[in-house]
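# A look at the structure
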Amino acid sequence: MMSIFASAAVLLSALAVMTDAHVSFRFPCPRRGPYWECPQPGPNEWNLVDYDVRSPAGTHGTIVSPICKHPSSFAGTRPTFQAGQTVAAQMDVGAYHMGGSCQWALSYDNGANWVVFQDYFQSCLSNATQGTTFTLPFKIPADAPSGDAIVNWIWNNNEGNRELYSSCSDVVIQGTNGGSLSGVKPLFANYGPNSPFIQEKALANGNWGKAFFDARPPITITVPKVSKRELMRRLVNRITNSD
Ligand SMILES: *[C@@H]1O[C@H](CO)[C@@H](O)[C@H](O)[C@H]1NC(C)=O
Ligand SMILES: [Cu+2]
């Protein structure tokens with residue numbers, strides 16, 4: 001039988017895990033995050049606020065939540081980024097696990113298809129400081145089509161539990177009206193028992209997952225051209241803030 005001290009220790013370590021916040025976007029806003037400057041829940045949506053928005057989407061053992069963690073944002077204005085723009089994204093850093101490998105992907109169909117547009121292998125976030133925001137820029141591809149899109153920041157950590165993070169932000173891209181974007185599909189390693197496994201850096205003997213990243217299959221997505229009338233409607237919606 002467990003002593004009362006042992007059970008208290010188990011309880012305390014469970015609490016430590018629960019409150020061990022990790023990393024998410026803060027700017028641009030992550031879906032359903034608890035940040036005051038971000039889109040706020042509607043009157044019946046307070047139960048949907050994710051106070052654990054920085055926690056991983058899964059570990060190698062278990063898928064905890066879908067990629068992006070949430071199917072949508074609260075209603076509100078999306079930030080607009082230009083194709084080719086470098087965005088000084090701000091990450092909200094709890095435990096940063098000595099950094100790791102990051103991928104940034106775009107989707108124009110609410111997450112059905114993703115195109116990776118930036119990688120930062122091995123030392124992404126490795127200079128972060130716990131309890132601060134950390135600037136981790138991403139550059140929207142110069143040939144990105146216009147439209148409502150999701151930026152997905154995907155991270156495999158160097159140290160600790162074998163985790164996958166996926167922080168998603170709903171944005172508007174102003175680029176080419178109608179076009180395609182090519183790249184590779186993201187690697188979702190350490191995301192459930194059937195996913196590729198990336199070992200902790202200290203134990204990996206230099207094998208940081210390069211072969212998995214190199215094997216990501218190519219993908220081209222196509223975003224249809226939008227009529228002048230529809231562009232006008234969207235502009236009016238944005239101005240009247242009902243989008
Ligand atoms: C981390 O900071 C050190 C010291 O400023 C610097 O030399 C190093 O290049 C930085 N590493 C990364 C990955 O930014
Ligand atoms: Cu963590």
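From a predicted model like this one, the values you see are computed outputs, not experimental measurements.

### Considerations on the pattern of salt bridges
This structure, assessed with the given rule, holds nine salt bridges. The partner of Arg-78 in a salt bridge is Asp-170, with the nearest N and O atoms 3.8 Å apart. Within this pair, whereas Arg-78 is found in the loop between strand E2 (58-59) and strand E3 (80-82), its partner Asp-170 is found in strand E11 (residues 163-174), the two being separated by 92 residues in sequence. Take Asp-170: its relative accessible area is 9%, and that puts it in the buried class. Note that Lys-210 is salt-bridged to Asp-214, the shortest N-O span being 2.6 Å. Of this pair, Lys-210 and Asp-214 both sit in helix H2 (residues 210-214), four residues apart, roughly one helical turn. Judged by its relative accessible area of 52%, Asp-214 falls in the exposed class. One network of salt bridges, with partners in common, ties together Arg-31, Arg-78 and Asp-170.

### Considering the nonpolar core
In this structure, Met-91, Trp-104, Tyr-108, Leu-125, Leu-136, Phe-138 and Trp-153 are the most contacted members of the largest nonpolar core, which totals 33 residues. Looking at this core, the elements that each hand over two or more residues are strand E1 (23-27), strand E5 (90-93), strand E6 (100-107), strand E7 (115-124), strand E10 (147-157), E11 and strand E13 (218-223). Top element by residues in this core is E10. It accounts for four residues. Of all hydrophobic cores here, the second largest spans 11 residues; its members include Ala-57, Ile-67, Leu-164 and Tyr-191.

### Considering the sheet that holds E1
Read from one edge of the open sheet, three strands run E1-E5-E8, paired in antiparallel fashion. Where the open sheet ends on each side, the last strands, each with one partner, are E1 and strand E8 (132-135). Adjacent strand axes in the sheet meet at a mean angle of 40° when their direction is disregarded. Note: E5 against E8, four bridges, orientation antiparallel. Residue pairing in the sheet places Met-91 in a bridge with Phe-134 of E8.

What counts as what
- Residues numbered from 1 in each chain as written.
- Chains lettered and ligands numbered in written order.
- Predicted model: local features only at pLDDT ≥ 70, side-chain atom pairs only at ≥ 80, totals over all residues.
- Heavy atoms only, no water.
- Salt bridge = Lys/Arg side-chain N within 4 Å of Asp/Glu carboxyl O.
- Helix = DSSP H or I, 4+ residues; strand = E, 2+ residues; numbered from the N terminus.
- Buried < 20%, exposed > 50% of the residue type's maximum accessible area, 1.4 Å probe, protein only.
- Core = buried A, V, L, I, M, F, W, Y, C linked by side-chain atoms within 4.5 Å.
- Pairing = 2+ DSSP bridges.
- Axes fitted to C-alpha atoms, helices over the stretch in contact; angles between N-to-C directions.

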